[in-house]
Amino acid sequence: MGKKKDNAGSKETAALNDIAAAIKNDFPHLTDNDVAAMIDRAREDFYNRPIREFVPLFVERRIRSQLTNQKEQKPS
């Protein structure tokens, strides 16, 4: 049972690493630390959820929504 949980955790970590790279690519003004902090904050709501498969997707959507909203609110 422990191996399945560890495998799921490593898949989630790999997916979040991919998401971090994609966000950094799409928003190059962000530092690696900025992106990592955003991911950590977004993940907080999902720590105790039993189904982990979709956590990376939810985290990415939340961060992209926040960044898009920030970008739209800045005056040109």
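Residues numbered from 1 in each chain as written. Predicted model: local features only at pLDDT ≥ 70, side-chain atom pairs only at ≥ 80, totals over all residues. Heavy atoms only, no water.

Colleague: Explain the overall build of the protein here, please?
Modeller: Each helix and strand counted, the protein has three helices and zero strands in total. The helix and strand sequence of the protein, counted from the amino end, reads α-α-α. Across the 76 residues that make up the protein, the buried fraction comes to 22%. Of all intrachain contacts in the protein linking residues separated by at least 6 positions in sequence, the fraction that spans at least 24 positions is 50%. Approximately 5900 Å² of the protein is accessible, and the part contributed by carbon and sulfur atoms is 51%. (Helix = DSSP H or I, 4+ residues; strand = E, 2+ residues; numbered from the N terminus. Buried < 20%, exposed > 50% of the residue type's maximum accessible area, 1.4 Å probe, protein only. Contact = heavy atoms within 4.5 Å. Areas by Shrake-Rupley, 256 points an atom, 1.4 Å probe, with all protein chains shown as cover.)

Colleague: Looking at this structure, how should I read the environment of D45?
Modeller: Along the polypeptide, D45 turns up in the loop between α2 (32–43) and α3 (55–73). Judged by relative accessible area, which is 43%, D45 ranks as partly exposed. The spacing of D45 and V55 is 10 residues in sequence and 9.5 Å in space, taken between C-alpha atoms. Engagement of the side chain of D45 in a polar contact is seen with the side chain of R62, the distance being 2.5 Å. (Polar contact = N/O pair within 3.5 Å; in protein donor to acceptor, adjacent residues only side chain to side chain.)

Colleague: What exactly am I supposed to notice about a nonpolar patch on the surface here?
Modeller: A contiguous nonpolar surface patch, about 380 Å² in accessible area, is contributed by I51, F54, L57 and F58. Structurally, I51 can be placed in the loop between α2 and α3. Exposure remark for I51: the relative accessible area of 58% places this residue in the exposed category. (Patch = residues over 30% accessible without salt bridge, like charges linked within 9 Å, V, L, I, M, F, W, Y side chains within 5 Å. Salt bridge = Lys/Arg side-chain N within 4 Å of Asp/Glu carboxyl O.)

Colleague: Where do I start with the side chain of E12 in this structure?
Modeller: Tracing the sequence through the fold places E12 in helix α1 (residues 2–26). A distance of 2.9 Å separates a polar atom in the side chain of E12 from a polar atom in the side chain of R52. Aside from chain neighbours lying at most four places away, what touches E12 is R43, R52, V55 and P56.

Colleague: Would you mind showing me how to read the packing of aromatic side chains here?
Modeller: When we look at a pair of aromatic rings, we describe it by the centre distance and by the angle of the planes. The tally for this structure, following the rule as stated, stands at two aromatic pairs. Ring geometry for F54 versus F58: centroids 6.3 Å apart, planes at 40°, classification tilted. Cluster of aromatic residues (ring-pair linked, three or more members): F46, F54 and F58. (Phe/Tyr/Trp six-rings, centres within 6.5 Å; stacked < 30°, edge-to-face > 60°.)

Colleague: Looking at this structure, how should I read the nonpolar core?
Modeller: Side chains of nonpolar character tend, in soluble globular proteins, to be buried together. Ranked by size, the top nonpolar core spans 14 residues in total, and within it I23, L30, I39, V59, I63 and L67 carry the most contacts. For this core, the secondary structure elements donating two or more residues are α1, α2 and α3. Every residue in contact with L67, bar those within four places of it in the chain, is listed here: I23, F27, L30 and M38. (Core = buried A, V, L, I, M, F, W, Y, C linked by side-chain atoms within 4.5 Å.)

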